[in-house]
Amino acid sequence: MVSFVGDLGFLYKANLCLRTALKILKPIHTARVQDEDALYKLFYEFPWEDYLDVDSKFVIDSVVHGTRFTHSQYASQKAKDGLVDQFRDKYKERPSVDLNRPDLRINLHIQQDLCTLSLDSSGASLHHRGYRTATNIAPLNEVLAAGLIQLSGWKGDSDFLDPMCGSGTFLIEGALMAANVAPGLIRSETIGYAFERWPDHNPRTFEECLENARRIGAETRTAAPTPPVIIGNDIHPGAVTLAGQGSETARVAGMIDVFRNDCEMFNITASSAGAKIAPNAPKLVVTNPPWGKRIGAGEPAGRRRAGPGDYDDEYGDEDSFDRDTTVGSNDISAEEALEQVWNSLGVFLKRECPDSSAFVLSGNPEVSRAIRMRASRKHVVGIGGVDCRLLRYDILPPKPPGYAPRQRLEERD
Ligand SMILES: C[S@@+](CC[C@H](N)C(=O)[O-])C[C@H]1O[C@@H](n2cnc3c(N)ncnc32)[C@H](O)[C@@H]1O
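Position labels on residues start from 1 in each chain and follow its written sequence. Only residues with pLDDT of at least 70 get local features here, since the model is predicted, and only at 80 or more are side-chain atom pairs given and counted; chain-wide, interface and lining totals rely on the full set of residues.

Asks: Give me the overall build of the chain: which residues, what numbers.
Replies: In terms of regular secondary structure, the chain is built from 12 helices and 12 strands. A burial count over the chain gives 40% of its 413 residues as buried. Any two residues are considered in contact once their C-beta atoms, placed from the backbone, lie within 7 Å. Across the chain, the fraction of contacts at a sequence separation of at least 24, relative to all contacts at a separation of at least 6, is 80%. Working definition: helices are DSSP H or I runs of at least four residues, strands are E runs of at least two. Numbering for both runs from the N terminus. Exposed residues have 12 or fewer other C-beta atoms within 10 Å of their own C-beta, buried residues have 20 or more, and residues in between are partly exposed; the C-beta atoms are placed from the backbone.

Dropping the structure here:
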C-alpha cells in the first residue's frame, strides 16, 4: 500500500493517471478494535449520516490480517450490522446493501487490532480501463502489464514488440504510456468512478482533471509526432482480432501493428511494419508466453502443440483457425509442447531482435529453460499466488560483416 495526501482534485487525478494502482482509498477513521463486538460498536457509532441516508445503497469490502480477525466476510457482516442498526434505531429505516452499483463503497482494513475505515473512490478495480471489447479473461490484467513494462525501464524511447501478444495488453499499455495518455480516460466515459456518486463530488473539478489529462496527451503528440513503432504478433487469429479491437477502443490503433504468425516464422522486416523500423535498431520486447497455467502439469499428455487451441476459451472459436498449421503431428507431452513454444521464442529473439532487451514473464522455470538464453536479470513477481519471474535477456548485436566463428577459422587453418 502507498499513501499520499491531497485534495479532491488530486484524488480524481490519482484515479485517472496512476497506471499501476488498483484502488484509491480515502481513509476516514482509524480505531483499535479487540473483537467482533467492538467492530459492531464502531460501525454503530460512526457518523455514517455524513455519507449515507436511508435510501442509499452501500457495500463493505473487508481485508483482515492477523489473529484477532480471521474471516473478512464475517468482519464485513458485523460492520454492516452496526451500520444498518444505527439507521434503523434512529429512523426505523435503513440503507440497503448493493454489491454491484452501490452509492458508497466502504473499505474496512484490519491489521491485528488496528482498524481503518476508508471510502473506495475507484469502485471497480482500476485495471478495468474500459478498452476491452470482449469478455475474454486476459491472463494478465492491465495494471500488471503496465507495471511489468515500467519494470523494464522503457520510456517510449525505442520500438516495442510483443511476439505472443494475446489480446494485446502489453501493446495497448505501452502505447498509452508512450503517448502519455492517462490510463483512466476511457474508463471515465464508460464504467466511471465511485467518487462520481459521492455527496461531495465536484463535477467541475473532475472535468478540469479530464481536460488536463487530454491536454497532456495532445501536447505529447505535438512534441513527438513520430511515436515508437509498436508491433504485436500471435499465432491465434482470435487473439489478433482482440488486440485490434482493444487498440481501437483505447484509441491507439494508429500506433500498433498486429500480425498473425507462429513467432518462429515471423519476419518483422518482411511484414508491412518492416518499412517503419530500422532492421537492427535495438527494440524492447515484453511478452508473456504460455507457461502452463492451463496446459501444464496435471493435464494428460497428447498429440498436441501449445497453440491457438489452448486459448479458445478466451478468444472464442474462429472458423478461420486452421488447427493443422499449429498442432504438431508428433506425440508430445504438454510440457514438451510448452518447451517448443519457448524454443520458438528464443529463435525469434535471436534472429529478429539483435542488440535488444527482452523481458519475458514466466511462472514455470522448467519450460522457460527451453528459450536457450541466459537471463541477465530475474525480477521476482507474484501473480495470483504464483511465484513468477520477469526474465531479462540481453540479445547480442548483429555480427559484423565478414565475421566467422573461431572454430571455422581454425578449421580453415
Ligand atoms: C499467456 S497468452 C498472452 C496473453 C497476453 N499477454 C494478453 O494480454 O492477452 C500467450 C499467447 O501466446 C500465443 N502463442 C502460443 N504459441 C505461440 C507461437 N508459437 N507464436 C506466437 N504466439 C504464440 C497464444 O496464442 C497466446 O495468445
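Asks: Describe the environment of Gly 82, and please don't skip the residues or the numbers.
Replies: Mapped onto the secondary structure, Gly 82 falls in helix 3 (residues 72-91). In sequence terms Gly 82 and Glu 45 are 37 residues apart; their C-alpha atoms lie 7.9 Å from each other. The contact partners of Gly 82, leaving out residues within four places of it in the chain, are Tyr 40, Lys 41, Leu 42, Phe 43 and Tyr 44.

Asks: Got a sec to walk through the sheet that holds strand 1 (residues 25-32)? Specific residues and values, please.
Replies: Adjacent strands of a sheet form backbone hydrogen bonds with each other and so pair up, either parallel or antiparallel. Whether two strands pair comes down to DSSP finding at least two bridges between them. Read across the open sheet, the 5 strands follow the order 1-5-4-2-3; overall the sheet is mixed. In this open sheet, the two edge strands, each paired with only one partner strand, are strand 1 and strand 3 (96-97). Where strand 2 (residues 57-65) meets strand 4 (residues 104-111), 8 bridges bridge the pair, whose relative direction is parallel. Residue pairing across strands places Val 64 opposite Ile 110, the latter belonging to strand 4.

Asks: Got a sec to walk through helix 3? Specific residues and values, please.
Replies: Residue count minus one, scaled by 1.5 Å, sets the expected span of a helix. End to end, helix 3 covers 29 Å across 20 residues, agreeing with the expected 28 Å (1.5 Å per residue, within 8%). Of all the residues in helix 3, the buried ones are Ala 75, Ser 76, Lys 78, Ala 79, Lys 80, Gly 82, Leu 83, Val 84 and Gln 86. Backbone geometry just downstream of helix 3 places Lys 92 in the positive-phi region, at approximately 65°.

Asks: Go over the environment of Ile 256, please, and point to the residues and values.
Replies: Secondary-structure assignment places Ile 256 in strand 8 (residues 256-260). On the neighbour-count criterion, Ile 256 (25 C-beta atoms within 10 Å) is buried. Sequence-wise, Ile 256 and Ala 273 are 17 residues apart; in three dimensions their C-alpha atoms are separated by 9.4 Å. When sequence neighbours within four positions are dropped, the list of residues in contact with Ile 256 reads Leu 171, Ala 175, Ile 230, Gly 232 and Ser 247.

Asks: Please provide a residue-by-residue account of the packing of helix 4 (residues 142-152) against helix 5 (residues 169-178), values included.
Replies: To get an axis, fit a line to the C-alpha atoms, keeping to the stretch in contact for a helix; angles then go from 0 to 180 degrees between the N-to-C directions. One way to put it is that helix 4 packs onto helix 5 with a least axis distance of 9 Å and a crossing angle of 65°. As for how helix 4 packs across helix 5, the hand of that crossing is right-handed. Contacts between helix 4 and helix 5 involve Glu 142, Ala 145, Ala 146 and Ile 149 on the former and, on the latter, Thr 169, Phe 170, Glu 173, Gly 174 and Met 177. Ten residue types, Ala, Val, Leu, Ile, Met, Phe, Trp, Tyr, Cys and Pro, are classed as nonpolar, four, Asp, Glu, Lys and Arg, as charged, and the remainder, Gly among them, as polar. Within the contact of helix 4 with helix 5, the residues separate by chemical class into 5 nonpolar, 2 polar and 2 charged. For any pair of crossing helices, the crossing counts as left-handed if the nearer helix is rotated counterclockwise from the farther one by less than a right angle, and right-handed if it is rotated clockwise.

Asks: For helix 5, give the residues involved together with the corresponding values.
Replies: The element helix 5 is extensively covered by neighbouring structure, given that 9 of its 10 residues are classed as buried. Looking at helix 5, one finds that the buried residues are Thr 169, Phe 170, Leu 171, Ile 172, Glu 173, Gly 174, Ala 175, Leu 176 and Ala 178. On its buried face, helix 5 sits against helix 4, strand 6 (159-162), strand 7 (230-234), helix 8 (237-249), strand 8 and strand 9 (283-287). Asn 180 sits one or two positions beyond helix 5 and adopts a positive phi of about 60°.

Asks: Run through the sheet that holds strand 6, naming residues and quoting values.
Replies: Here 7 strands make up an open sheet; going across it, the order is 8-7-6-9-10-12-11 and the pairing mixed. This sheet does not close on itself; its edge strands, each paired only once, are strand 8 and strand 11 (377-383). Sheet twist, expressed as the average angle between the axes of neighbouring strands with direction ignored, equals 20°. Sheet analysis places strand 6 next to strand 7, joined by 3 bridges and oriented parallel. Counted as the bridge partner of Asp 162 is Gly 232 from strand 7. In the packing of helix 4 onto the sheet, the strands contacted are strand 9, strand 10 (357-362), strand 11 and strand 12 (386-394), and the crossing angle to strand 9 comes to about 145°.

Asks: Run through the pairing of strand 12, naming residues and quoting values.
Replies: Both strand 10 and strand 12 contribute to a ladder of 6 bridges, which runs antiparallel. Bridge pairing links Ser 357 to Asp 394 in strand 12. In this sheet, strand 12 lies alongside strand 11 in antiparallel orientation, the contact comprising 7 bridges. Bridge assignment links Lys 378 to a residue of strand 12, and that residue is Leu 391.

Asks: Please set out the packing of helix 2 (residues 36-45) against helix 3 residue by residue, giving values where relevant.
Replies: Axis separation between helix 2 and helix 3 bottoms out at 7 Å; the angle between their running directions is 40°. Helix 3 is crossed by helix 2, and the crossing has right-handed handedness. Within the contact between the two elements, helix 2 uses Glu 36, Leu 39, Tyr 40, Lys 41, Leu 42, Phe 43 and Tyr 44 and helix 3 uses Ala 75, Lys 78, Ala 79, Asp 81, Gly 82, Leu 83, Asp 85 and Gln 86. Each residue belonging to the contact of helix 2 with helix 3 can be placed in one class, and the counts come to 8 nonpolar, 2 polar and 5 charged.

Asks: Break down unusual backbone geometry for me, citing the residues and quoting the values.
Replies: Leave glycine aside and you will find that most residues have negative phi; peptide bonds, for their part, are mostly trans. In this structure, Gln 112 is a non-glycine residue whose phi angle is positive, near 55°. By secondary structure assignment, the location of Gln 112 is in the loop between strand 4 and strand 5 (114-120). Looking at Gln 112, the number of C-beta atoms within 10 Å reads 14, which means it is partly exposed. A positive phi is found at Asn 180, a non-glycine position, where the angle reads about 60°. As for its placement among the helices and strands, Asn 180 is situated in the loop between helix 5 and helix 6 (185-189). Given 18 C-beta atoms within 10 Å, Asn 180 falls into the partly exposed group.

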